[in-house]
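# Secondary and tertiary structure notes
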Amino acid sequence: MIVVFAENINGNFKKSTLEAVSYAANLAQSNSTSCVAVVLGNTDDSKNAELGKYGADKVVSIKSDKLNEFRAESYATAIASVASQQNATIIVLSNTSSGKSISGRIAAKLNAGVVSGVVSLPNTSNGFVVRKTVFSGKAFADVNITTPIKILAITPNTFDVKEFGKTASVENVEVTFNEKDFATTIENVSRVTGKISLTEAELVVSGGRGMKGPENWGIIEELASVLGAATACSKPVSDMDWRPHSEHVGQTGITIKPNLYIAIGISGAIQHLAGVSSSKVIVAINKDPEAPFFKAADYGIVGDAFDVLPKILEAAKKLKSATA
Amino acid sequence: MKILVCISNVPDTTAKVSFNDNNTKFNSAGVQFIINPYDEVALTKALEIAEQNAGSTVTVINVGLSDAEPSIRKALAIGANDAVRINAEPIDAFFVAEQIAKYAKDNGFDLIFTGRESIDYNGGLVGNIVAEMLEMPSINLITSIQIDSNNATMERDIDGGKEKLSCALPLVVSAQQELAEPRIPNMRGIMAARTKPLTVIEPSTVNASTPTINFELPKPKAGVKLIPAEQAEQLIDLLHNEARVI
Ligand SMILES: Cc1cc2nc3c(=O)[nH]c(=O)nc-3n(C[C@H](O)[C@H](O)[C@H](O)COP(=O)(O)OP(=O)(O)OC[C@H]3O[C@@H](n4cnc5c(N)ncnc54)[C@H](O)[C@@H]3O)c2cc1C
């Protein structure tokens, strides 16, 4: 059995969750077994059943007020219990902030080998080998998982959401928790709404020190909004508080893997590239023809951002109104 | 308060990444090793907490061979009171966590820090495995922490936002970049570090559950297609019709 953690936020499934469900369904298919999705918290079962569309054969729902709040301890207990009940041999989750908090705990509970940042399906021709990114995207490692139970935390934006068109049954189960699973008190959760989160964004427009100051970000935000992109920045930009830390991408910031990354006034230092080089298409806009970013880019414009951006914005608006 | 900080010895962020022994080993020739940047942030925060709570100690622990000692000495120079090295090659996260958990269990700590992830293996797993083994709560990606007698109040990054939470000690936390501004060791610290205790402990035997069998470098890009600045608007057309990403 393949068990996948289907994270929900207020009952809704994010794209990264659907990617994980499809990935797990793929694995189930090639192992001739079924795919069970675990949903935690008070959710709507008709909505949960929709996970069948993305490949779940069954949805196991654990409903409890206490699970409306994320705690690594209780979530790990719940997922590990379902995995044991279902005799899971593989547990799949998305390597999001929540996924990162629980994969290690589940591994310790079940004595399972765990790999995070997985970017391939397993190769079982000789062992159980999965590929993961290492050195912040500068290389890949092929890792053999030797334990009977295996945990795969897959990188968001790496696998397609696939339509399997199954109908999933929903089963409500109960799990025994330990008092310690609820030791933390969640005081406040604030999510930016109406904005695309950086890790999930398919398109990203990013600015560096070459943008000269926070007052010049208007055009970046406008271009991002026209394209439906998220905004990002280089480390010095967030260090100087031109932009929030949550936008900082690179080796010490967020690692992203969008379809399109537009870097404006960013030199392309190795630490910056580490976090963005897995992007499918990279555009570098820089006035310095020697900027290292051009070596990592697919498209480049050598020019002053303040001259170039208005033209691009204009063309983007035209395209969007033509295709609207 | 007893604080433990887990530190990893990693290649410098500017290091050229290459492999040898038929792509099975990282090629460390000419590569400078440093304290994992997030662990350095964690260490700084640990020292700040220790300074605010009289009688506290900060111990750093590394699972690694003797070549990690310059990084361990640097941690002592920055201000840790003592250091422990578990004398073993850090083969995978589970192995490393098992060694740390065992030491922590025997010695009892109120607060255990790790970095968000190591910048070489990018696992981000050690802290959570340690926490589970010690039956402690684990809070990932913290951007602030305040200790008030036996209670910690923290902020942490979640997908697309922030969360504020609190928890009684003992506790395992992982440091996000902005948790603290790393300290640079001063001359006094460097001198003092030479005589601070660094205990070497032999590992308990654990098999690797996820051995790495081989490394590979990403394929190089085909080369950049330059668009003249005067016709910058062409970019949108190329992204739409050629690259098909918008
Ligand atoms: C341990 C460590 C970790 C790090 N982690 C990260 C990380 O995670 N992310 C990160 O981003 N950095 C990181 N860095 C910093 C990194 O080395 C670079 O310093 C940083 O990426 C540079 O940011 P930048 O490109 O915005 O600024 P700069 O290097 O100042 O480059 C600005 C660029 O803008 C161009 N420019 C200037 N004006 C214009 C204009 N009008 N139009 C067009 N182009 C213009 C310039 O030619 C230049 O190339 C790290 C460094 C260290 C030591």
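Parameters at a glance
- Residues numbered from 1 in each chain as written.
- Chains lettered and ligands numbered in written order.
- Predicted model: local features only at pLDDT ≥ 70, side-chain atom pairs only at ≥ 80, totals over all residues.
- Heavy atoms only, no water.
- Helix = DSSP H or I, 4+ residues; strand = E, 2+ residues; numbered from the N terminus.
- Buried < 20%, exposed > 50% of the residue type's maximum accessible area, 1.4 Å probe, protein only.
- Contact = heavy atoms within 4.5 Å.
- Buried area = accessible area lost by both parts, 1.4 Å probe.
- Salt bridge = Lys/Arg side-chain N within 4 Å of Asp/Glu carboxyl O.
- Polar contact = N/O pair within 3.5 Å; in protein donor to acceptor, adjacent residues only side chain to side chain.
- Pairing = 2+ DSSP bridges.
- Phe/Tyr/Trp six-rings, centres within 6.5 Å; stacked < 30°, edge-to-face > 60°.
- Near = heavy atom within 4 Å.
- Areas by Shrake-Rupley, 256 points an atom, 1.4 Å probe, with all protein chains shown as cover.
- Nonpolar A, V, L, I, M, F, W, Y, C, P; charged D, E, K, R; others polar.
- Core = buried A, V, L, I, M, F, W, Y, C linked by side-chain atoms within 4.5 Å.
- Axes fitted to C-alpha atoms, helices over the stretch in contact; angles between N-to-C directions.
- Arc of directions from axis to C-beta.

### Description of the overall build of chain B
Secondary structure assignment for chain B yields six helices and 15 strands. A principal-axis box enclosing the C-alpha atoms of chain B has dimensions of 65 × 45 × 40 Å. Residue burial in chain B is summarised as follows: out of 246 residues, 52% are buried. Sequence-distant contacts, at least 24 apart, represent 69% of the contacts inside chain B between residues at least 6 apart.

### Focus on the interface of chain B and chain A
When the parts come together, some accessible area is lost, and that loss is often what is quoted as the size of the interface. Taken residue by residue, the interface counts 75 residues in chain B and 86 residues in chain A. Surface buried jointly by chain B and chain A totals about 6,700 Å² across both partners, of which 57% is contributed by carbon and sulfur atoms. By the criterion of area lost to chain A, the three top residues of chain B are Glu 132, Asp 159 and Lys 221 of chain B, representing 11% of everything that side buries. Taken together, the links from chain B to chain A amount to six salt bridges. The interface formed by chain B and chain A includes 37 residue pairs in polar contact (both at pLDDT 80 or more). Elements represented by at least two residues in the side of chain B that touches chain A include exactly α1 (37-52), α4 (126-134), β9 (138-148), β10 (151-158), β11 (161-168), β14 (212-216), β15 (225-226) and α6 (234-242) of chain B. With seven residues, β11 of chain B is the largest single contributor of residues to the side of chain B that touches chain A. Sheet analysis places strand β9 (residues 139-144) of chain A next to β14 of chain B, joined by four bridges and oriented antiparallel. Residue pairing in the sheet places Phe 140 of chain A in a bridge with Glu 216 of chain B of β14 of chain B.

### What to know about the packing of aromatic side chains
For any pair of aromatic rings, the description consists of the separation of the ring centres together with the inter-plane angle of the planes. With the rule as written, the count across this model stands at twelve aromatic pairs over all chains. Ring geometry for Tyr 23 of chain A versus Phe 159 of chain A: centroids 4.7 Å apart, planes at 65 degrees, classification edge-to-face. Here Phe 159 of chain A lies in the loop between β10 (150-154) and β11 (169-172) and Tyr 23 of chain A lies in helix α1 (residues 15-30), a separation of 136 residues in the sequence. Phe 159 of chain A carries the same exposure label as Tyr 23 of chain A, and that label is buried. Ring centres of Phe 135 of chain A and Phe 26 of chain B lie 5.0 Å apart, and the angle between their planes is 25 degrees; on these two criteria the pair is classed as stacked. Taken together, the residues span two chains, with Phe 135 of chain A in the loop between β8 (129-134) and β9 and Phe 26 of chain B in strand β4 (residues 25-26). The exposure class of Phe 135 of chain A is buried, given its relative accessible area of 9%. With relative accessibility at 18%, the residue Phe 26 of chain B sits in the buried group. Through pairs of rings, three or more aromatic residues link up here, namely Phe 135 of chain A together with Phe 19, Phe 26, Phe 33 and Phe 215 of chain B.

### Some remarks on the site of the ligand
All names here are of chain A. As a structural note, the neighbourhood of the ligand is formed by 27 residues, with Ser 234, Thr 252, Gln 271, His 272 and Asn 286 the closest of them. In this structure, an oxygen atom belonging to the ligand sits 2.6 Å away from a side-chain N or O atom of His 272. Backbone polar atom of Ala 305 to a nitrogen atom of the ligand: 2.8 Å apart, as the coordinates give it. Out of a free accessible area of 990 Å², the ligand has 79% covered by protein chains. Elements that contribute at least two residues to the shell around the ligand include exactly α6 (235-239), α7 (270-276) and α9 (305-323). Its residues placed into classes, the shell around the ligand shows six nonpolar, 15 polar and six charged.

### Quick notes on the nonpolar core
Generally speaking, soluble globular proteins have nonpolar side chains that are buried together. Membership of the largest hydrophobic core comes to 57 residues, with the highest contact counts inside it found for Leu 40, Ile 102 and Ile 106 of chain A together with Ile 112 of chain B. The element that contributes the greatest number of residues to this core is helix α3 (residues 93-107) of chain B, accounting for nine residues. Every residue in contact with Ile 102 of chain A, bar those within four places of it in the chain, is listed here: Phe 5, Phe 70, Ala 72, Tyr 75, Ala 76, Ile 79 and Leu 93 of chain A. Of all hydrophobic cores here, the second largest spans 41 residues; its members include Ala 6, Ala 20, Ala 25 and Ala 28 of chain A.

### Considering the sheet that holds strand β15 (residues 260-264) of chain A
Whenever strands of a sheet pair, they do so through backbone hydrogen bonds, lying parallel or antiparallel. Here six strands make up an open sheet; going across it, the order is β14(A)-β13(A)-β15(A)-β16(A)-β17(A)-β15(B) and the pairing parallel. Either end of the sheet is taken by a strand with one partner, and the two such strands are β14 (230-233) of chain A together with β15 of chain B. The pairing of strand β16 (residues 281-286) of chain A with strand β17 (residues 299-302) of chain A spans four bridges and is classified as parallel. By the bridge assignment, Asn 286 of chain A is partnered in β17 of chain A with Val 302 of chain A. Those strands touched by α9 of chain A are β15, β16 and β17 of chain A, and its axis lies near 135 degrees from that of β16 of chain A. Along the sheet, α6 of chain B makes contact with β15, β16 and β17 of chain A together with β15 of chain B, crossing β17 of chain A at roughly 175 degrees.

### Looking at helix α5 (residues 218-227) of chain A
Residue and element names in this part refer to chain A. Regarding α5, the residues found buried are Ile 220, Leu 223, Ala 224 and Leu 227. All buried residues of α5 fall inside an arc of 100 degrees around its axis, so they share one side. Note on α5: the residue one or two positions beyond its end, Gly 228, has a positive phi of about 75 degrees.

### What to know about the pattern of salt bridges
All chains considered together, the criterion is met by 27 salt bridges over all chains. Between Lys 45 of chain B and Glu 48 of chain B there is a salt bridge, with its nearest N and O atoms 3.1 Å apart. Of this pair, Lys 45 of chain B and Glu 48 of chain B are both found in helix α1, three residues apart, which corresponds to roughly one turn of the helix. We classify Lys 45 of chain B as buried; its relative accessible area is 13%. For Asp 106 of chain B, the salt bridge goes to Lys 102 of chain B, with nearest N and O atoms at 3.7 Å. Taken as a pair, Asp 106 of chain B and Lys 102 of chain B lie in helix α3 at a separation of four residues, close to a single helical turn. Under the relative-accessibility criterion, Asp 106 of chain B is labelled exposed at 57%. A relative accessible area of 45% places Lys 102 of chain B in the partly exposed class. A single salt-bridge network, built from bridges that share partners, covers Glu 73, Arg 105 and Lys 109 of chain A together with Glu 132 of chain B.

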